[in-house]
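Overview (structure and organization)
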Amino acid sequence: MIDATLHSKAHADTGEALLELRFVARADRLKLIRGSIRSTALMCGFDDEAAQNIVLAIDEACQNIIMHGYGKGIEGAVILTLFRRNGGILVHLRDFARPVDPAKVKPRDLTDIRPGQLGSHFIREIMDTVRFGPSPNSKGNLLEMTKRIGGPQ
Amino acid sequence: MTKLESHVSDPSIVHLQGSVDLEHAPDVRKQLLAAVALGRNVLVDLSAATYIDSSGIACLVEALQKARGIGHELSLVAISMQARRVLELARLDMVFLIHDDLAAAAAAGA
C-alpha cells in the first residue's frame, strides 16, 4: 500500500514538505516510489542527472531497511518525507525496525572488487550530508540526508 | 525481465529489460550465471534497461568474476547514462568492457 500526503506549509527547521509516502518494506514497492522522488527532486530545482542520483540514493537507503533493518520476511512500514529547503532537498526516511548501530552502516573499500555492499557508498557519494540514528520520540531509525542544488555530484 | 539468447557460436547474449533492481536481481543473477555456465564469452545487452541499482551491479560483478575465472569475458552493451553513472560511482566503469552496441561488440571480437 502506498499513501501520499502533500503539505504546503513551510517549517522553520525542515522547510516545505513536498511529499510524504508510507509504504511496506518490500522490494517490489521501490519502483512505486522512484517516480515520485524524481518528480519531487525536479520540483526542488535539480537537473535530471542530479534528480536521478537522488532517486538512487533514496532507493539504496530503502533497500538497506528492507535487507538489514527489517530483514527477510518482515514487511514493516517505511515513511519517506521529502522537504524543499535552502536551495536543495531534505530527506527523512523512517522505519520501525530494531535500532541499527550506525557504525555498522559503513561503505566498504571499493578497491576490493566484489559483489554487494555498494549501497551505502552510493548514498554518501551522492548526498551532501547523511545522518543516521534512532528515531526521536518513537521506536525505529531515522535517516536524514540533504543535497544542495549545484553541490558536488 | 531478462532473456538469455544462446547460439552455438560465441558469445551468449543476455538481454536485460526494465528495472535491474532489488526486485529483479534474483532472476537477473540466475540468467547471467546460466550464460556464464555455457562456457563462452557473454554480452549483457542493457539497451532496454531503464534503471539499475547496487543489486543489479552486484549481479554483474559476480557474473564477471565467474566468467573471468573460467577464462572468458563478460561485456556490457548499450548502457544508459544512468547505468554508466552507477558504474562510475562504484568505480567499476574501468573494470567492465563496455560497447556502444552489439555490432560494436562483434567488431571488437567480444
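Up top you'll find the structure we're talking about.
Keep in mind the model is a prediction, meaning the values are calculated, not measured. (Residues numbered from 1 in each chain as written. Chains lettered and ligands numbered in written order. Predicted model: local features only at pLDDT ≥ 70, side-chain atom pairs only at ≥ 80, totals over all residues. Heavy atoms only, no water.)

**Considerations on the overall build of chain B**
- The helix and strand inventory of chain B stands at four helices and five strands.
- A globule of 110 residues ought to have a C-alpha radius of gyration of about 13 Å, and chain B, at 12 Å, matches this closely.
- Seen along its three principal axes, the alpha-carbon backbone of chain B occupies a region of about 30 × 25 × 25 Å.
- As presented, chain B carries roughly 4700 Å² of accessible surface, and 56% of it is formed by carbon and sulfur atoms. (Helix = DSSP H or I, 4+ residues; strand = E, 2+ residues; numbered from the N terminus. Rg over C-alpha atoms; globule rule 2.2 N^0.38 Å. Areas by Shrake-Rupley, 256 points an atom, 1.4 Å probe, with all protein chains shown as cover.)

**So, the overall build of chain A**
- Across its full length, chain A carries three helices and seven strands.
- Going residue by residue from the N terminus, the α and β elements of chain A occur as β-β-β-α-α-β-β-α-β-β.
- Since a compact globule built from 153 residues should have a radius of gyration of about 15 Å, the 15 Å found for chain A is in line with a globular shape.
- Taking the principal axes of its C-alpha atoms as reference, chain A extends roughly 40 × 35 × 25 Å.

**So, the pairing of strand S2 (residues 12-20) of chain B**
All names here are of chain B.
- Among the nine residues in S2, seven count as buried, and that is most of the element.
- When S2 meets strand S3 (residues 42-52), the two strands line up parallel, connected through eight bridges. Bridge pairing in S3 places Ser19 opposite Tyr51.
- Following the backbone out of S2, through helix H1 (residues 25-37) and into the adjacent parallel S3, one traces a crossover that is right-handed. (Buried < 20%, exposed > 50% of the residue type's maximum accessible area, 1.4 Å probe, protein only. Pairing = 2+ DSSP bridges. Right-handed = clockwise from strand over helix to strand, strands pointing away.)

**A look at empty space enclosed by the protein**
- Counting across every chain of the model gives one cavity of 30 Å³ or more.
- Empty space within the largest cavity amounts to approximately 50 Å³.
- Lining the largest cavity, in full, are Arg108, Leu110, Asp112, Ile113, Arg114 and Leu118 of chain A together with Val61, Ala90 and Leu92 of chain B.
- Of the residues that constitute the lining of the largest cavity, the class distribution is six nonpolar, no polar and three charged. (1 Å grid on protein atoms, 1.4 Å probe; cavity = no way out; pocket = protein on both sides within 12 Å on 5 of 7 lines; lining within 4 Å. Points joined across faces, edges and corners; volume = space filled by probe spheres on them. Nonpolar A, V, L, I, M, F, W, Y, C, P; charged D, E, K, R; others polar.)

**As for the interface of chain A and chain B**
- Counting residues at the interface gives 27 residues for chain A and 22 residues for chain B.
- When the buried surface of chain A facing chain B is broken down by residue, Arg34, Ile113 and Pro115 of chain A rank first, second and third, together holding 25% of it.
- Where chain A touches chain B, the interface holds three salt bridges.
- The closest approach of N and O atoms between Lys31 of chain A and Glu23 of chain B, which form a salt bridge, is 2.6 Å.
- Our enumeration of links across chain A and chain B arrives at ten residue pairs in polar contact (both at pLDDT 80 or more).
- Here the side of chain A that touches chain B gets ten residues from one element, more than from any other, and that element is helix H2 (residues 48-70) of chain A.
- Tallied by class, residues from the side of chain A that touches chain B come to twelve nonpolar, seven polar and eight charged. (Contact = heavy atoms within 4.5 Å. Buried area = accessible area lost by both parts, 1.4 Å probe. Salt bridge = Lys/Arg side-chain N within 4 Å of Asp/Glu carboxyl O. Polar contact = N/O pair within 3.5 Å; in protein donor to acceptor, adjacent residues only side chain to side chain.)

**What about the nonpolar core?**
- Counting 73 residues, the largest nonpolar core has Ile58 and Leu80 of chain A together with Val44, Ile57, Leu74, Leu76 and Phe96 of chain B as the members making the most contacts within it.
- With twelve residues, H2 of chain A is the largest single contributor of residues to this core.
- Residues within four places of Phe96 of chain B in sequence aside, it is in contact with Leu60, Val61, Leu64, Leu74, Leu76 and Leu87 of chain B. (Core = buried A, V, L, I, M, F, W, Y, C linked by side-chain atoms within 4.5 Å.)

**As for helix H3 (residues 81-89) of chain B**
- Among the residues making up H3 of chain B, those that are buried are Gln82, Ala83, Arg85, Val86, Leu87 and Leu89 of chain B.
- In this fold, the buried residues of H3 of chain B make contact with H2 and helix H3 (119-126) of chain A together with S3, helix H2 (54-69), strand S4 (74-77) and strand S5 (97-99) of chain B.
- The positive-phi residue at the C-terminal boundary of H3 of chain B is Arg91 of chain B, with phi of around 60 degrees.

**Some remarks on the state of the cysteines**
- As enumerated under the stated definition, the model contains zero disulfides over all chains in all.
- Cys44 of chain A carries a free sulfur, and the closest cysteine sulfur to it, the one in Cys62 of chain A, is 17 Å from it.
- The exposure class assigned to Cys44 of chain A is buried, which follows from its relative accessible area of 9%.
- This cysteine, Cys59 of chain B, is not joined by any disulfide, and Cys62 of chain A carries the nearest cysteine sulfur, 19 Å off. (Disulfide = S-S within 2.5 Å.)

Just geometry here; none of it tells us what the structure is for.
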